[in-house]
Amino acid sequence: MRNLLFAPRRDPARVKCDDDKVVVAQCDIAVAYTQAELFGHDEPPRYLKVLDPVTQQWRYFRQIGNLYGSASSGKRWEVTLNKFLKSPEIGLQQGKNEPCAFYHPTRDMFILTYCDDLLCRGKLSDIKWFFDKLGMTFNIKPPAYLSRTDMMDHLGIVFFEAEEGTYLSMQNYVEVMCQRLSIDINKYRQKPRHLPMSAPISDLQPCTPEECKRFMSAAGMVGWISGTGRPECRVYHSRVSQYMAAPVKGALKAVMGIVKYLASTSTMCLFQPWWDAKDPELLKWRFFSDSDQSSNPEVVAKRKSQLSYIALRGKAPIAFGSKCSAVQLPPGYDSFGVDHHGLGKP
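None of the values given here were measured: they were computed from a predicted structure. (Residues numbered from 1 in each chain as written. Predicted model: local features only at pLDDT ≥ 70, side-chain atom pairs only at ≥ 80, totals over all residues. Heavy atoms only, no water.)

Engineer: It is not clear to me how the side chain of Gln-35 should be interpreted in this structure. Could you clarify?
Structural biologist: Mapped onto the fold, Gln-35 is located in the loop between strand E1 (22-28) and strand E2 (47-51). You can call Gln-35 buried: its relative accessible area is 18%. Here the side chain of Gln-35 touches Ala-30 through a polar contact of 2.5 Å, landing on its backbone oxygen. Leave out the neighbours within four places in its chain, and Gln-35 touches Ile-29, Ala-30, Trp-77, Thr-80, Phe-138 and Asn-139. (Helix = DSSP H or I, 4+ residues; strand = E, 2+ residues; numbered from the N terminus. Buried < 20%, exposed > 50% of the residue type's maximum accessible area, 1.4 Å probe, protein only. Polar contact = N/O pair within 3.5 Å; in protein donor to acceptor, adjacent residues only side chain to side chain. Contact = heavy atoms within 4.5 Å.)

Below, the structure written as structure tokens:
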């Protein structure tokens, strides 16, 4: 998604010919599951039981197509949509590493699918052609185009364009998170905070059942935010998530500290300036990663390695992550991996 949004492109407002503008757009397919291919004659029959509100008798209907709530409804819709996208008429190629990504080799058009939501990037003329073909096959809602005057909300992630470039914001989601956690976001906006967790969690007293629910909810929302538009929180979310199996009060305090930091910096965005042929730096990829030995200080991590990486395209983070390595030191080894078996006490 970030690669589609932040791949270098010229400012559409400064491109004279509308058809040559490279735009970002999205389209929602209405009641998508019900538009999946009908059941075949060779498939087992399926029935729907409905209580008649007048006669109070059960009525039985045989299904001829997909319905929401069916175990196979999501898969059937995926097969139907992918079949259309890869058809000779459309000509998209499906990604092998990411099956939800599609590319048109001659039109240089990208499509990302998420259930019934399609995020598209390409020349305006090609995007309109695709939406016309899509509307001839499925019942779709009016497409939305990203522009200076129209922001775009895609799965809770807000895209917007400005004079200087393209932005990705998680502000709306942060505000919803604070509301659900009963945190006054205005209190923390007045004075930006620094990220907590400079030291390992020390309060290992188990959380109460109510505190466990609060911890799980906060950790889940922080995980979504840090994995989409706030990469600086990724390593801290990884550390607190080590306590998901058995939450402790110190972990709850730490994750709430991350929430308060996000509340105080809710307007921070990912950004990519408009591409100019005079600035080749925006076309470059840069990759950074760390390689350490037993750096995670959390008690539950048992001195596992904490590994992080980030990939930048131009000035925008495209891929990033942080996780605790599955490798841990066996008993008898110190934090540097030195074998102390058989050694006496100093």
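After presenting the structure, the write-up continues.
Engineer: I tried to follow the packing of helix H4 (residues 171-180) against helix H6 (residues 209-228) on my own but got confused; where do I start?
Structural biologist: What describes two packed helices is the angle between their axes and the distance between those same axes. Between H4 and H6, the least distance of the axes is 11 Å, while the angle of their chain directions is 170 degrees. Viewed along their axes, H4 and H6 adopt a mutual orientation that is roughly antiparallel. Only Met-221, Val-222, Trp-224 and Ile-225 of H6 make contact with H4, whose side of the interface consists of Tyr-173, Val-174, Met-177 and Arg-180. Classifying every residue of the contact of H4 with H6 gives 7 nonpolar, no polar and 1 charged. (Axes fitted to C-alpha atoms, helices over the stretch in contact; angles between N-to-C directions. Parallel < 35°, antiparallel > 145°, perpendicular 65-115°, else oblique. Nonpolar A, V, L, I, M, F, W, Y, C, P; charged D, E, K, R; others polar.)

Engineer: Any chance you could explain the sheet that holds strand E5 (residues 101-104) here in plain terms?
Structural biologist: Strand pairing within a sheet occurs via backbone hydrogen bonds; the two strands may be parallel or antiparallel. Read from one edge to the other, the open sheet built from 6 strands follows the order E4-E5-E6-E7-E1-E8, with strand pairing classed as antiparallel. Both outer strands of the open sheet, strand E4 (93-94) and strand E8 (144-145), are each paired with one neighbouring strand and no more. Two strands pair when backbone bridges link them, and strand E6 (residues 109-114) and strand E7 (residues 117-123) are joined in this way by 5 bridges, in the antiparallel orientation. In the sheet register, Phe-110 faces E7, and the bridge partner there is Arg-121. Its contacts with the sheet put helix H3 (residues 124-137) on E1, E5, E6, E7 and E8, and the angle it makes with E7 is roughly 145 degrees. (Pairing = 2+ DSSP bridges.)

Engineer: Honestly, the pattern of salt bridges in this entry has me stumped. Any pointers?
Structural biologist: When the charged atoms of two side chains lie near each other, side chains of opposite charge can form a pair. As enumerated under the stated definition, the model contains 17 salt bridges in all. Across the salt bridge formed by Arg-46 and Glu-43, the nearest N and O atoms sit 3.8 Å from each other. Its relative accessible area of 26% is what places Arg-46 among the partly exposed residues. Note on Glu-43: relative accessible area 23%, which makes it partly exposed. (Salt bridge = Lys/Arg side-chain N within 4 Å of Asp/Glu carboxyl O.)

Engineer: Would you take a moment to explain the confidence of the model for the protein chain for this structure?
Structural biologist: Residues shown with low pLDDT carry predicted positions that ought not to be read at fine detail. With 92% of its residues at a pLDDT of 70 or more, the protein chain has an overall mean of 88. The low-confidence segment residues 334-346, where pLDDT is below 50, has 15 contacts with residues more than four positions distant or belonging to other chains. (pLDDT = per-residue confidence, 0-100.)

Engineer: Just checking my understanding: could you explain the environment of Gln-171 for this structure?
Structural biologist: Tracing the chain through its elements places Gln-171 in helix H4. Here Gln-171 falls in the partly exposed class, since its relative accessible area comes to 24%. Distance in space between the C-alpha atoms of Gln-171 and Leu-262 is 8.8 Å, their sequence separation being 91 residues. With residues near it in sequence (within four places) discarded, Gln-171 still touches Arg-189, Ser-266 and Thr-267.

Engineer: Would you mind going over unusual backbone geometry with me for this structure?
Structural biologist: Note: most residues except glycine have negative phi, and most peptide bonds are trans. A positive phi angle, near 35 degrees, is found at Val-31, a position not held by glycine. Tracing the chain through its elements places Val-31 in the loop between E1 and E2. One non-glycine residue, Leu-155, adopts positive backbone phi at about 60 degrees. Topologically, Leu-155 is positioned in the loop between strand E9 (152-154) and strand E10 (157-161). We classify Leu-155 as partly exposed; its relative accessible area is 30%.

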